[in-house]
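Chain and residue survey
What follows is each chain in one-letter form.
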Amino acid sequence: MKDIFRKQKILKAPGRLKRHYDVVIVGGGSHGLATAYYLAKHHGITDVAILEQSYIGSGGAGRNTTIIRSNYRTPEGAAFYKESVALYERLSAELDFNLMFSQHGHFTLAHSDRSLVVQNERAEVNKLLGINSRVIDRDEVKRLCPQIHVGDDVTWPIQGALYHPPGGIIRHDAVVWGFAKQVCRSGIEIHQGIEVTGFDVRDGRCHGVRTTQGNVSAGVVLSATAGWSSPVAKLAGVELPITTSILQAFVTEPVKPFLDKIIVSAQMHIYVSQTDRGEFLIGAEVEPYPTYSNKGTFPFIEYSTRHVLELFPQLHSTRILRHWTGLCDMSPDYSPIMGLTELDGFLVDCGWGTYGFKAAPITGVTLAELIATGKTPALIEPFKLERFYTDTLVSELAAAAVSH
Ligand code: PYC
């Protein structure tokens, strides 16, 4: 274990796992780290252990396609992500860590009249909440993004787009390391390579966790385990309405920078951006079958490259460098599940599907407040687990971009 910390010079080795903490956070991804960071920063709570079965950022935080945006469809989703983008905008300075946030605009392409209607609805919701989004026609798409092919000689000609200027990309590993650095400085412990194997549940309350390094009692346990949320919650006897699928993505070899926008097409099931290293980063929708198998597929490469080449024929001889998958925990309404469960002392942060990473800072702020005060902040009230029993779903299906 010491080796992991020696390599990761930013982190302090935490010493031996104690037998009690005020708060145990299961999962060392962007959400677990952000929650720990804001527990310390906003509430002075530092008797906290983060338990990560692998290494920090090894799950969704290190596998996502780094898109930050707030152009959601529901007022609840849009308001929540608006705060997240605002926090991301100040995060480099706050963490004293360059997160390389590049906000050059996000385009959700429309290839049909129906899609234009949906994008207009999203634009209206966004405008009412003060989020910078508007629908633009094909000529404006071309003017703002001259690199994209907008001709009629393709399978799905572009008719217009939802244009969201604050949308951008950020270095996901830097977000993990920036939070981790400050978390360590606050005295909070990050324990890597420790697996939670069960929970101490008695009298309707979670009293702590069982781990591969012994039992630990805790005032509050938060599970922030993304793709592993259902099996982890099940260990505590909590059933989550989640199915888990994989999402695939790949990068090309680096090419000269020529695209600073993010291009998304739900019709083509792809999104495209160019990283600061020059690679084209291309992702797709989640695969339509539940699985925990992180195996990429050839059909994904085949259809996504075909579609990308319709938008960017310039890439015709660019080689693919790397291809990977990540687990997505999908909730029935495509909105996250955050907060209290029927088990006292056991909180969840899950159901993020394909957009957990972009929510990390605001999730951290709101869950830290819930843990510290026992009161659910208004911003996350709509996302409680209870909604599945009270018929108050928050359907984010239309804004899930390519994730369904
Ligand atoms: O919702 O922005 C998004 C997204 C990007 C990749 C997957 N989902």
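Because the structure is predicted, anything quoted here is derived from the model rather than measured.

1. Quick look at the overall build of the chain
When you go through the chain residue by residue, the secondary structure sums to ten helices and 18 strands. Taking 2.2 N^0.38 as the reference for a compact globule, 404 residues should give roughly 22 Å; the C-alpha atoms of the chain span a radius of gyration of 21 Å, in line with that estimate. For the chain, buried positions account for 58% of its 404 residues. By sequence separation, contacts in the chain at least 24 residues apart represent 76% of the contacts at least 6 residues apart. Approximately 16,300 Å² of the chain is accessible, and the part contributed by carbon and sulfur atoms is 53%.

2. Quick look at the side chain of Ser133
Considering the arrangement of structural elements, one finds Ser133 in the loop between α4 (113-128) and β5 (134-137). Engagement of the side chain of Ser133 in a polar contact is seen with the side chain of Asn126, the distance being 2.7 Å. One polar contact links Ser133 to His164, side chain to side chain, over a distance of 3.3 Å. Beyond its immediate stretch of four places on either side in the chain, Ser133 contacts Asn71, Ala123, Asn126, Lys127, Leu162, Tyr163 and His164.

3. Quick notes on the pattern of salt bridges
One pass over the full model with this rule turns up 17 salt bridges. Between Glu94 and Lys41 there is a salt bridge, with the nearest N and O atoms lying 2.9 Å from each other. Remark: Lys41 occurs in helix α2 (residues 30-43) and Glu94 occurs in helix α3 (residues 75-95); sequence separation between them is 53 residues. According to the relative accessible area criterion, Glu94 is partly exposed, its value standing at 22%. Residue Lys181 pairs with Asp96 through a salt bridge whose shortest N-O separation is 3.8 Å. With Lys181 in helix α6 (residues 172-185) and Asp96 in the loop between α3 and β4 (106-110), the pair connects residues that are 85 residues apart, well separated along the chain. A residue is classified by how much of its surface remains accessible, and Lys181, at 11% relative accessible area, is buried. Here Asp96 falls in the exposed class, since its relative accessible area comes to 53%.

4. Some words on the nonpolar core
Core analysis: the largest hydrophobic core is formed by 59 residues, its most contacted members being Tyr38, Phe80, Tyr88, Phe179 and Ile190. Only β1 (20-26), α2, β2 (48-52), α3, α6, β11 (214-223) and α9 (360-373) provide two or more residues apiece to this core. Non-local contacts of Tyr88, meaning those with residues more than four positions away in its chain, are made with Ile68, Phe101, Ile170, Val175, Phe357, Lys358, Ala360 and Pro361. If you look at the next biggest cluster of nonpolar residues, it comprises 27 residues, including Ile263, Met268, Ala284 and Leu315.

Conventions adopted
- Residues numbered from 1 in each chain as written.
- Predicted model: local features only at pLDDT ≥ 70, side-chain atom pairs only at ≥ 80, totals over all residues.
- Heavy atoms only, no water.
- Helix = DSSP H or I, 4+ residues; strand = E, 2+ residues; numbered from the N terminus.
- Rg over C-alpha atoms; globule rule 2.2 N^0.38 Å.
- Buried < 20%, exposed > 50% of the residue type's maximum accessible area, 1.4 Å probe, protein only.
- Contact = heavy atoms within 4.5 Å.
- Areas by Shrake-Rupley, 256 points an atom, 1.4 Å probe, with all protein chains shown as cover.
- Polar contact = N/O pair within 3.5 Å; in protein donor to acceptor, adjacent residues only side chain to side chain.
- Salt bridge = Lys/Arg side-chain N within 4 Å of Asp/Glu carboxyl O.
- Core = buried A, V, L, I, M, F, W, Y, C linked by side-chain atoms within 4.5 Å.

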